[in-house]
Amino acid sequence: MRIVLTEHFQRDVRHLTSTERDRVFEAVLAIPRAVGDVHTHAGLGMRKVHKSGIWEVRIGLNLRIIFALADGFLTFVRLGTHDDVKRFLREL
């Protein structure tokens, strides 16, 4: 599985504290292992949020990673709060 980080995602990560960045990095590394593994999947709080193949993973209480799974690619699209995720999904 190939990992792609969009410019939006990279920009979102730049605004985080170093502790938050570490937690995001750990989640980015864990997601490929979690795809297809229900137990790991549940531990990350991973769930499909849009029929087009958009998923989210919780990073603590405040942050969410939005990513897409398609054709062997894991594309990290955005990083933000729950409200940011809802706003992003409305724009799809």
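If you're wondering where the values come from, they're calculated on a predicted model, not measured in any experiment. Residue numbers restart at each chain and count upward from 1, following the sequence in its written direction. In keeping with the model being predicted, local features are shown solely for residues with a pLDDT of at least 70 and side-chain atom pairs are shown and tallied solely at 80 or more, while totals for entire chains, interfaces and linings include all residues. The basis for every side-chain value is the complete set of heavy atoms in the structure, and neither hydrogens nor water enter the calculation.

Asker: Just checking my understanding: could you explain the overall build of the protein for this structure?
Answerer: Runs of E in the DSSP output that reach at least two residues are strands. Runs of H or I that reach at least four are helices, and both are numbered from the N terminus. Within the protein, the secondary structure is distributed over four helices and five strands. In the protein, the succession of α and β elements from N to C terminus is β-α-α-α-β-β-β-β-α. The atom set for the radius of gyration is the C-alpha atoms, and the globule formula is 2.2 Å times the number of residues raised to the power 0.38. In terms of overall dimensions, the protein is globule-like: its C-alpha atoms have a radius of gyration of 12 Å, near the 12 Å expected for 92 residues. Along the first, second and third principal axes, the C-alpha atoms of the protein reach 30 × 30 × 25 Å. Evaluated residue by residue, the protein yields a buried proportion of 37% over its 92 residues. Every residue pair with non-hydrogen atoms within 4.5 Å of one another is taken to be in contact. Expressed as a percentage of contacts within the protein between residues at least 6 apart in sequence, the contacts between residues at least 24 apart total 43%. To be clear on the numbers: accessible area is Shrake-Rupley with a 1.4 Å probe, and residue cover counts the displayed protein chains and nothing else. Approximately 6000 Å² of the protein is accessible, and the part contributed by carbon and sulfur atoms is 52%. The sign given to each residue is positive for Lys and Arg and negative for Asp and Glu; His and the chain ends receive no count. In plain terms, the charge of a residue is placed at NZ if it is Lys, CZ if Arg, CG if Asp and CD if Glu. Positive and negative charge centroids in the protein, built from 15 and 11 side chains respectively, lie 3 Å apart. Buried, partly exposed and exposed residues are distinguished by accessible area as a fraction of the type maximum, computed with a 1.4 Å probe on protein chains only: under 20%, between the cut-offs, and over 50%, respectively.

Asker: Mind showing me how you'd approach the nonpolar core here?
Answerer: Soluble, globular proteins show a tendency: their nonpolar side chains are buried together. Among the nonpolar cores identified, the biggest contains 20 residues, and F9, V24, I31, M46, I65, F67 and F76 are the most heavily contacted of them. Put simply, the parts of the chain that give this core at least two residues each are α1 (7–14), α2 (18–34), β3 (54–59), β4 (63–70) and β5 (73–80). Here this core takes six residues from α2, the largest share from any one element. Residues belong to one nonpolar core when they are buried, are Ala, Val, Leu, Ile, Met, Phe, Trp, Tyr or Cys, and are joined through side-chain atoms within 4.5 Å.

Asker: Help me understand unusual backbone geometry in this model?
Answerer: It is generally the case that most residues other than glycine have a negative phi and that most peptide bonds are trans. Even without being glycine, D71 reaches a positive phi, approximately 50°. Structurally, D71 is set in the loop between β4 and β5. Under the relative-accessibility criterion, D71 is labelled exposed at 76%.

Asker: Could you clarify how one ought to interpret the sheet that holds β3 in this entry?
Answerer: In sheet architecture, strand pairing relies on hydrogen bonds along the backbone and comes in two forms, parallel and antiparallel. Overall, mixed pairing links the five strands, which are arranged β1-β5-β4-β3-β2 in an open sheet. Taken across any chain shown, the strands that pair with only one partner, and hence form the sheet edges, are β1 (2–5) and β2 (47–50). In this sheet, neighbouring strand axes are inclined to one another by 35° on average, regardless of whether the strands run parallel or antiparallel. Two elements, β1 and β5, share four bridges in a ladder whose sense is parallel. The partner of R2 across the bridge, within β5, is F73. Where α2 meets the sheet, its contacts fall on β1, β3, β4 and β5, and the angle it forms with β4 comes to roughly 25°. Two strands qualify as a pair provided DSSP detects at least 2 bridges between them. All axes are obtained by fitting lines to C-alpha atoms, using only the stretch in contact for helices, and the reported angles, taken between N-to-C directions, cover 0 to 180 degrees.

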